[in-house]
Amino acid sequence: MATPDMFWTYAGTISIYLVLLVAPGILIGAAAGLRGWTLAGLAPLLTYTATGLAGPWLANLGLPYNVATAAACTLLLAGLAAGARALTLRRGPRDTSGKDTADPPGSWTTRAHLAVAACVLAATAVSIAAVLSAAGGTTAVFQRWDTVFHANGIRYIAETGDGGLYGMATINWYPDGLFYPNAYHLVGSLVYSLSGASIPTVLNSITVPIAGIFALSLVALVRQFGGRAVFAGSAAIVAGAATTGAYESVSSGLLPFALGIVLTPLAVVALRRFLQRPGLDTAVVFALAMAGLLAVHSSTLFGAVLFAVPMLLQRWWRREGEVGRDLLRLMPVGVAAAVLAAPQVIGALTFSSGSYPYMPWASDVPVAEALEQLLTFRQILDEPQVWLSVLLFAGIFTIGALGALRWVAGSAVLLSGLFVLVTSYGSVPWVITVSRPWWNDRYRLMALAAIPLCLLAGHGLAELQRWLTRAVSLLPRLRANPRVPARLGAASAVVLVGALATLTHGFYTTANATAVSYAYHNGPQAQETPIPVSGAEVAAMLEMGRLAEPGERVLNDRKDGTAWLYAISGVLPVAGHYDPGVAPPDARLLANHFREYATNPEVRAAVERLGVRHVLLGSGAITPDIPRAPGLRDLDGLPFLDAVFRNSDAVIYALRT
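Residues numbered from 1 in each chain as written. Predicted model: local features only at pLDDT ≥ 70, side-chain atom pairs only at ≥ 80, totals over all residues. Heavy atoms only, no water.

K.L.:
Can you tell me about the overall build of the chain, naming the residues and giving the values?
P.N.:
What the chain contains, in helices and strands, is 28 helices and five strands. Counted over contacts in the chain with a minimum sequence separation of 6, partners at least 24 positions apart contribute 77%. Carbon and sulfur atoms form 65% of the exposed surface of the chain, whose accessible area is close to 25,500 Å². Charge centroids of the chain, computed over 43 positive and 37 negative side chains, lie 16 Å from each other. (Helix = DSSP H or I, 4+ residues; strand = E, 2+ residues; numbered from the N terminus. Contact = heavy atoms within 4.5 Å. Areas by Shrake-Rupley, 256 points an atom, 1.4 Å probe, with all protein chains shown as cover. Lys, Arg positive; Asp, Glu negative; His and termini not counted. Charge placed at Lys NZ, Arg CZ, Asp CG, Glu CD.)

Have a look at this one:
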């Protein structure tokens with residue numbers, strides 16, 4: 001179901017997001033000395049670093065978060081990066097050849113750079129097509145569990161200027177809120193403020209290029225380790241095609257988590273630059289990268305550490321660095337990152353020891369099935385992504401050709417093993433403990449494991465291209481022509497990518513759209529359960545925006561789509577999230593006893609405290625098996641309520657005074 005925005009509003013909104021995604025990060029990265037694909041790849045992460053740090057620190061200083069203050073904080077970080085770069089250059093970080101030793105080894109031709117860029121654009125196009133076709137429109141409302149929290153949070157920051165880590169949760173967990181890393185929401189609030197679009201449109205605009213960001217991150221990683229351009233382009237194509245990479249997290253409504261996943265490879269890019277040439281400038285970039293990952297989502301930094309460990313082990317095994325010296329160099333950078341992200345660190349520690357209930361999923365899928373899901377790049381879909389599996393096996397059998405990237409195989413084993421543990425033994429206490437950063441959720445861990453698996457599949461495609469080129473070049477008619485190798489390399493790459501596009505029906509765009517459609521309740525499950533937020537309910541929420549009195553909270557049922565009320569109309573609901581965990585006492589009281597308003601003084605006192613003047617009820621539910629709250633059932637005909645608006649899916653009551 002959609003909100004009433006025009007197509008051009010959406011086009012403008014996604015354009016604004018793309019500019020915001022890269023411009024601040026490019027400014028900071030360029031000031032720090034980043035260039036080429038390293039700059040392009042790290043730009044989105046540095047953007048989220050700048051905004052993710054700005055919001056909480058501004059809140060702590062009592063300053064509002066808005067476009068102007070976010071820009072000022074970006075300039076401050078760019079100045080810090082430029083100062084670090086200037087101090088480093090005075091000490092002479094370049095070798096006798098004049099090349100910065102932190103730069104990627106090897107070189108690509110101009111044609112190779114353009115080809116890789118085309119692959120990133122293709123992955124982005126696949127991502128846009130998959131998400132938009134899944135949504136059924138540019139203004140569709142997300143229907144999954146946590147999306148309402150993200151929607152309300154974006155509007156809250158934009159309207160209040162409160163960029164703190166607790167404020168946006170006061171929509172539901174008032175008055176004190178609840179910790180949640182909010183870099184995603186801080187960027188979203190800027191998009192909302194600049195575009196004038198509805199919140200659903202903003203969420204969709206941030207979501208559509210998600211696999212394109214993943215592709216860009218993998219390209220930057222391959223480039224940093226001196227990989228071939230064919231490998232980088234192949235990894236980008238696989239990133240756009242693999243369901244388990246970015247799309248499944250979006251399907252589950254895990255929007256900030258999905259963003260964190262696609263940015264995770266960049267941690268290794270920043271880490272390797274620092275280890276290759278320890279310096280103040282590379283240290284600043286690495287510290288900002290770590291802080292940014294933590295600001296996007298608490299689990300992202302944990303995942304990045306696990307992803308990077310095999311790289312460090314390979315480095316020490318091959319004596320490219322010394323364990324003690326590397327760790328001593330990393331410690332102060334880690335401390336600097338922790339200081340930069342102190343609000344997030346303190347908030348995460350407080351939250352983990354707080355009262356919010358932690359409920360493990362206790363998954364018990366058979367090990368063989370868990371492995372099959374990993375190797376076929378699918379978990380929620382019925383059909384395996386067979387051709388990606390073929391590429392994955394090709395990559396596994398040719399691991400020796402990975403060169404400096406052989407450690408990716410170790411990451412694949414480590415992260416895949418963690419996925420299997422949680423998927424097959426999710427009720428074992430120690431498994432629950434080690435997987436707590438990911439909420440013991442196999443879907444999140446599948447996305448994490450997909451990072452090295454996509455790299456291996458991309459490597460498999462690149463090795464098939466190498467094999468095809470060599471095989472054809474041995475033909476007698478071609479062997480004598482000196483121009484043949486270069487032309488055959490490009491031609492074989494085009495042939496293989498074209499064949500993959502044909503065999504996968506457009507890089508699995510339809511399959512990925514089916515996966516993402518679950519987030520919009522626009523897929524196979526739509527015929528089985530009612531939609532949580534229908535068009536009629538959106539109309540009722542917009543009407544509620546016209547009827548609401550200043551400062552009031554509207555009483556609503558926690559399980560129906562009216563939790564979106566604030567995001568849609570700007571009116572505060574009593575229940576601003578589907579989640580019943582640690583709900584405010586007044587909200588629990590009214591949910592259970594509001595029908596007793598005429599006779600229960602505690603109910604009347606709660607109504608007065610919250611400023612309730614209206615009741616809004618929808619017809620759908622996020623969990624259809626749970627009935628409406630007992631205090632909100634059968635309100636028609638009660639003497640203290642008047643029905644002032646009604647349509648097919650919703651009703652608004654006014655409280656008689």
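On we go from here.
K.L.:
Can you lay out the sheet that holds strand β5 (residues 650-655) for me, pointing to particular residues and giving the numbers?
P.N.:
In spatial order, the strands read β2-β1-β3-β5-β4; together these five strands make up an open sheet with mixed pairing. Edge positions in the sheet fall to β2 (572-573) and β4 (641-646), since each has one partner strand and no second. Pairing between strand β3 (residues 614-618) and β5: five bridges, direction antiparallel. Note on β5: the bridge partner recorded for Val615 is Tyr653. Along the sheet face, helix α25 (residues 535-547) touches β1 (553-556), β3, β4 and β5 and points at about 25 degrees away from the line of β5. (Pairing = 2+ DSSP bridges. Axes fitted to C-alpha atoms, helices over the stretch in contact; angles between N-to-C directions.)

K.L.:
Now, about the pattern of salt bridges: what can you tell me, with residues and values included?
P.N.:
On inspection of all chains with the given rule, the structure shows 15 salt bridges. Between Arg378 and Glu372 there is a salt bridge, and its shortest N-O distance comes to 2.8 Å. Judged by relative accessible area, which is 15%, Arg378 ranks as buried. Close ionic contact of Arg546 with Glu543 constitutes a salt bridge, the shortest N to O distance being 3.1 Å. Taken together, the residues Arg546 and Glu543, both in helix α25 and three residues apart, mark about one turn of the helix. For Arg546, a relative accessible area of 60% puts it in the exposed group. (Salt bridge = Lys/Arg side-chain N within 4 Å of Asp/Glu carboxyl O. Buried < 20%, exposed > 50% of the residue type's maximum accessible area, 1.4 Å probe, protein only.)

K.L.:
Explain the environment of Phe231 to me, and be specific about the residues and the numbers.
P.N.:
As for its position among the elements, Phe231 is in helix α9 (residues 229-241). Along the backbone, Phe231 and Ala462 are 231 residues apart, and their C-alpha atoms lie at a distance of 4.9 Å. The residues touching Phe231, leaving out its near neighbours within four places in the chain, are Val222, Leu402, Leu405, Leu455, Gly458, His459 and Ala462.

K.L.:
Before we move on, can you summarise a nonpolar patch on the surface with the specific residues and values?
P.N.:
Taken together, the side chains of Val305, Val309, Leu313 and Leu414 present a nonpolar region at the surface, about 310 Å² in accessible area. At three residues, the largest contribution of residues to the nonpolar patch is made by helix α14 (residues 298-317). Along the chain, Val305 falls in helix α14. Given a relative accessible area of 46%, Val305 falls into the partly exposed group. (Patch = residues over 30% accessible without salt bridge, like charges linked within 9 Å, V, L, I, M, F, W, Y side chains within 5 Å.)

K.L.:
An account of the pairing of β5 is needed here, citing residue identities and associated values.
P.N.:
Taken across its six residues, β5 has six buried, putting it largely inside the fold. Every second residue of β5 is oriented toward a common face, with Ala650, Ile652 and Ala654 on one face and Val651, Tyr653 and Leu655 on the other, all of them buried. Across five bridges, the pairing between β4 and β5 is antiparallel. Pairing of Leu641 across the sheet is with Leu655, part of β5. The hairpin turn running from β4 into β5, its antiparallel successor, is three residues long.

K.L.:
A description of unusual backbone geometry should follow, citing residues and the corresponding values.
P.N.:
When glycine is set aside, most residues are seen to have a negative phi, and most peptide bonds are trans. With an omega of 5 degrees, the peptide bond between Tyr174 and Pro175 qualifies as cis. Looking at where Pro175 falls in the secondary structure, it is placed in the loop between α5 (147-160) and α6 (183-195). Its identity as a non-glycine residue notwithstanding, Ala362 has a phi of 55 degrees, on the positive side. Along the chain, Ala362 falls in the loop between α16 (342-352) and α17 (367-375). For Ala362, a relative accessible area of 35% gives the class partly exposed. At Tyr508, a residue that is not glycine, the phi angle is positive and equals roughly 60 degrees. In this fold, Tyr508 is placed in the loop between α23 (484-503) and α24 (509-517).

K.L.:
I'd love a proper account of the side chain of Thr300, names of residues and values included.
P.N.:
With respect to the element layout, Thr300 can be found in helix α14. If we skip the residues at most four places from it in the chain, Thr300 touches Gly260, Thr264 and Leu293.

K.L.:
Could you give me a rundown of helix α8 (residues 210-224), with the residues and numbers involved?
P.N.:
Taking 1.5 Å of rise per residue, the 15 residues of α8 would be expected to cover 21 Å, and the 21 Å separating its terminal C-alpha atoms lies within 8% of that figure. In terms of burial, α8 is a largely internal element, 15 of the 15 residues being buried. Gly226 occupies a position one or two residues after α8 and carries a positive phi of about 75 degrees. (Expected span 1.5 Å × (residues − 1).)

K.L.:
Let's hear about the state of the cysteines: which residues, and what values?
P.N.:
Counted under the stated rule, the structure contains zero disulfides. In this structure Cys454 is a free cysteine whose sulfur lies 14 Å from that of Cys119, the closest cysteine sulfur available. The class of Cys454 is buried, set by a relative accessible area of 0%. (Disulfide = S-S within 2.5 Å.)

K.L.:
Would you mind going over the packing of aromatic side chains in detail, with residue names and values included?
P.N.:
Evaluation of the coordinates by the stated rule reveals 12 aromatic pairs. Aromatic pair Phe307 and Trp407: ring centres 5.3 Å apart, planes at 70 degrees, arrangement edge-to-face. Residue Phe307 is found in helix α14, and its partner Trp407 is found in helix α19 (residues 407-424); the two are separated by 100 residues along the sequence. Judged by its relative accessible area of 0%, Phe307 falls in the buried class. For Trp407, a relative accessible area of 2% translates into the label buried. Through successive ring pairs, a cluster of aromatic residues spans Phe149, Trp173 and Tyr180. Residue placement shows Arg272 over the ring face of Phe225; its charged tip is 4.5 Å from the ring centre. (Phe/Tyr/Trp six-rings, centres within 6.5 Å; stacked < 30°, edge-to-face > 60°. Lys NZ or Arg CZ within 6 Å of the ring centre and 35° of its normal.)

K.L.:
Kindly report on the nonpolar core, identifying the contributing residues and their values.
P.N.:
Ranked by size, the top nonpolar core spans 182 residues in total, and within it Tyr48, Leu203, Leu263, Trp407 and Trp564 carry the most contacts. At 13 residues, the largest contribution of residues to this core is made by helix α21 (residues 442-473). Beyond its immediate sequence surroundings of up to four residues, Trp564 is in contact with Val141, Phe142, Thr147, Val148, Ala151, Asn152, Pro200, Leu203, Val533, Met541 and Tyr578. (Core = buried A, V, L, I, M, F, W, Y, C linked by side-chain atoms within 4.5 Å.)

K.L.:
Explain α9 residue by residue, including any values.
P.N.:
Over its 13 residues, α9 runs 19 Å from end to end, which matches the ideal 18 Å to within 8%, given 1.5 Å per residue. A large share of α9 lies buried, amounting to 12 of its 13 residues. Three or more residues of α9 are buried, namely Ala229, Phe231, Ala232, Gly233, Ser234, Ala235, Ala236, Ile237, Val238, Ala239, Gly240 and Ala241.

K.L.:
Describe in detail the packing of helix α2 (residues 36-60) against helix α3 (residues 67-90), supporting the description with residues and values.
P.N.:
The contact between α2 and α3 brings their axes to 9 Å, and the two run at 115 degrees. When the axes of α2 and α3 are compared, the crossing they make is right-handed. Listed contacts from α3 to Ala50, Ala54 and Leu58 of α2 are Thr69, Cys73, Thr74 and Leu77. In terms of residue class, the contact of α2 with α3 is made up of five nonpolar, two polar and no charged. (Left-handed = near helix turned anticlockwise from the far one by under 90°. Nonpolar A, V, L, I, M, F, W, Y, C, P; charged D, E, K, R; others polar.)

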